[in-house]
Amino acid sequence: AAAAERWTESGPWTGVARGGAFGSAGSDARGRPLLDALERAGLRYSAVGPSELENWDALLEHQRVSTRGARFLSANLTLSSAPSSTALAPYAVFAASGTRVALVGLTSAKTTASLSALKRAGLEVRDPAAALKEIVPQARARADIVVVLADLPAEEGERVRRALGTDVFLGVDAAKCGRIVHQDM
């Protein structure tokens, strides 16, 4: 939080996450208290990963009541009853230092740990590469750069990254924490 305060003093900034805003089973901090702390630290946008799927009802409630909190994005998380409709906004656009930035969220198609949560919530995960091919042209039309946020296994991330040219791809393999799969500028 102290770092966020220092960054805020130097000008506006936007915190983003590839997922995990609700923590993980192996984490002491999880659920809504963790999300609240991350928002106080500056989190504004997050992709949807396994922890968000496991806390789907809390995520929806947060999206419904929070007007200034983190927004969750997924271009490939769809409603089972309407597969052409995304369950959340696929992307968001904001301005940073005069540059229009589009953030596109992706959810891993290999979310096997969260399959029961998906079924309970009436959700399906489309192929991330196919969703990216559809949504990037729309996002690019509204922004100067396109950034993809995703928590994908390395092989899935590399396949998705090659699907369509994005400017920055932040796809961390959760099993190899801290590894950026690809970043072009």
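Residue positions are given per chain, counted from 1 along the sequence in the order it is written. Only residues with pLDDT of at least 70 are given local features in this predicted model, and only at 80 or more are side-chain atom pairs given and counted; all residues enter the totals for whole chains, interfaces and linings. Heavy atoms throughout the structure, all of them, feed into the side-chain values; hydrogens and water do not.

Q: What am I meant to see in the sheet that holds strand 2 (residues 43-47) here?
A: Each strand in a sheet pairs with another by means of backbone hydrogen bonds, the pair being arranged parallel or else antiparallel. Here the rule is simple: two strands pair whenever DSSP picks up at least two bridges between them. Comment: elements are numbered from the N terminus, with helices defined as DSSP H or I runs of at least four residues and strands as E runs of at least two. Taken together, the three strands give an open sheet; going across it, the order is 1-2-3, and neighbouring strands pair in parallel fashion. Where the open sheet ends on each side, the last strands, each with one partner, are strand 1 (15-17) and strand 3 (71-73). Along the sheet, successive strands turn relative to each other by an average axial angle of 20°, direction set aside. Lines fitted to C-alpha atoms define the axes here, with helix axes fitted over just the stretch in contact, and angles between the N-to-C directions of these axes take values from 0 to 180 degrees.

Q: Just to check I follow, could you spell out the sheet that holds strand 4 (residues 77-79) for this structure?
A: Here we have three strands laid out as an open sheet, ordered 5-4-8, and antiparallel in their pairing. Each having just a single partner strand, strand 5 (82-86) and strand 8 (123-125) make up the two edges of the open sheet. Averaged over all adjacent pairs, the angle separating strand axes in this sheet is 45°, with direction ignored. The pairing of strand 4 with strand 5 spans two bridges and is antiparallel. Within strand 5, the residue paired with Leu79 across the bridge is Ala82.

Q: Can you walk me through the pattern of salt bridges in this structure?
A: When a carboxyl oxygen of Asp or Glu is within 4 Å of a side-chain nitrogen of Lys or Arg, the pair counts as a salt bridge. Evaluated as defined, the whole model comprises three salt bridges. A salt bridge links Glu61 to Arg64; the nearest nitrogen and oxygen atoms lie 2.9 Å apart. Highlighted residues: Glu61 and Arg64, both in helix 4 (residues 56-65), separated by three residues, approximately one helical turn. Put simply, Glu134 and Arg126 hold a salt bridge, and the shortest N to O gap is 2.9 Å. Type-normalised accessible area, obtained with a 1.4 Å probe on protein chains alone, sets the label of each residue: buried when under 20%, exposed when over 50%, and partly exposed for intermediate values. Owing to a relative accessible area of 47%, Glu134 belongs among the partly exposed residues under this scheme.

Q: Please explain unusual backbone geometry as it appears in this structure.
A: Glycine aside, negative phi is the norm for most residues, and most peptide bonds take the trans geometry. Residue Ser97 is not a glycine yet carries a positive backbone phi of 50°. Looking at the element boundaries, Ser97 is found in the loop between strand 6 (91-96) and strand 7 (99-106). For Ser97, a relative accessible area of 82% corresponds to the exposed category.

Q: Could you clarify how one ought to interpret helix 2 (residues 32-40) in this entry?
A: Side chains that are three or four residues apart share a direction in an α-helix, a result of its 3.6 residues per turn. Three or more residues of helix 2 are buried, namely Leu34, Leu35 and Glu39. Projection of helix 2 onto a plane perpendicular to its axis shows the buried side chains occupying an angular sector of 135°, all on one side. Of the exposed residues in helix 2, the ones pointing more than 90 degrees away from its buried face are Pro33 and Arg40. Any pair of residues with heavy atoms lying within 4.5 Å of one another is described as a contacting pair. Looking at the buried residues of helix 2, the elements they touch are strand 2, helix 4 and strand 3. The directions considered for the arc run from the helix axis to the C-beta atoms.

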